[in-house]
Amino acid sequence: MTEPLEVAVSNSTIGLPTAWRIVTVIGSVASTIVLVCFGFAFDLVREEWKELRTEVREMRHRLDSMPDGETLNRLSDDVQDLDRRVDRLEGQVNRWDE
């Protein structure tokens, strides 16, 4: 009625070709999952890289539009000259009030 244990085990064991197919399928599924994850991570990094390149380009453009050192020195000299003129005029106006 019941088969001996050895017969049941010999009938239920997986043969080498079947085991090889199982390993191949598991390996294929795992490698597909890894490739999909790497692809997703690569897309995220690439988008971030594009945004950073755009920001760097904008910063370079802003830096190019800013005045250089010589221009800033000239502007500073002009401001100081105007300040001296205002002080002189203020002194003259104060003397008029007297």
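Residues numbered from 1 in each chain as written. Predicted model: local features only at pLDDT ≥ 70, side-chain atom pairs only at ≥ 80, totals over all residues. Heavy atoms only, no water.

## Observations concerning the overall build of the protein chain
- Scanning the protein chain for helices and strands turns up three helices and zero strands.
- Mapped from its N terminus to its C terminus, the protein chain presents α and β elements in the order α-α-α.
- The 98 residues of the protein chain split such that 0% are buried. (Helix = DSSP H or I, 4+ residues; strand = E, 2+ residues; numbered from the N terminus. Buried < 20%, exposed > 50% of the residue type's maximum accessible area, 1.4 Å probe, protein only.)

## What to know about the pattern of salt bridges
- Going through the model one piece at a time under the given rule, you end up with four salt bridges.
- Residues aspartate 43 and arginine 46 are paired through a salt bridge, measuring 3.0 Å at the closest nitrogen-oxygen approach. Remark: arginine 46 and aspartate 43 occur in helix 2 (residues 16–65); sequence separation between them is three residues, near one turn of the helix.
- On the accessibility criterion, aspartate 43 (36% relative accessible area) is partly exposed.
- The closest approach of N and O atoms between aspartate 81 and arginine 85, which form a salt bridge, is 3.5 Å. With aspartate 81 and arginine 85 both in helix 3 (residues 69–97) and four residues apart, the pair spans about one turn of that helix.
- For aspartate 81, a relative accessible area of 27% gives the class partly exposed.
- Under the relative-accessibility criterion, arginine 85 is labelled partly exposed at 46%. (Salt bridge = Lys/Arg side-chain N within 4 Å of Asp/Glu carboxyl O.)

## A look at a nonpolar patch on the surface
- Taken together, the side chains of Val25, Val29 and Ile33 present a nonpolar region at the surface, about 270 Å² in accessible area.
- Within the secondary structure layout, isoleucine 33 lies in helix 2. (Patch = residues over 30% accessible without salt bridge, like charges linked within 9 Å, V, L, I, M, F, W, Y side chains within 5 Å. Areas by Shrake-Rupley, 256 points an atom, 1.4 Å probe, with all protein chains shown as cover.)

## A closer look at the confidence of the model for the protein chain
- Predicted confidence across the protein chain gives a mean pLDDT of 85, with 82% of residues reaching 70 or more.
- Averaged pLDDT values for the elements of the protein chain fall to 63 in helix 1 (residues 5–12) and rise to 92 in helix 2. (pLDDT = per-residue confidence, 0-100.)

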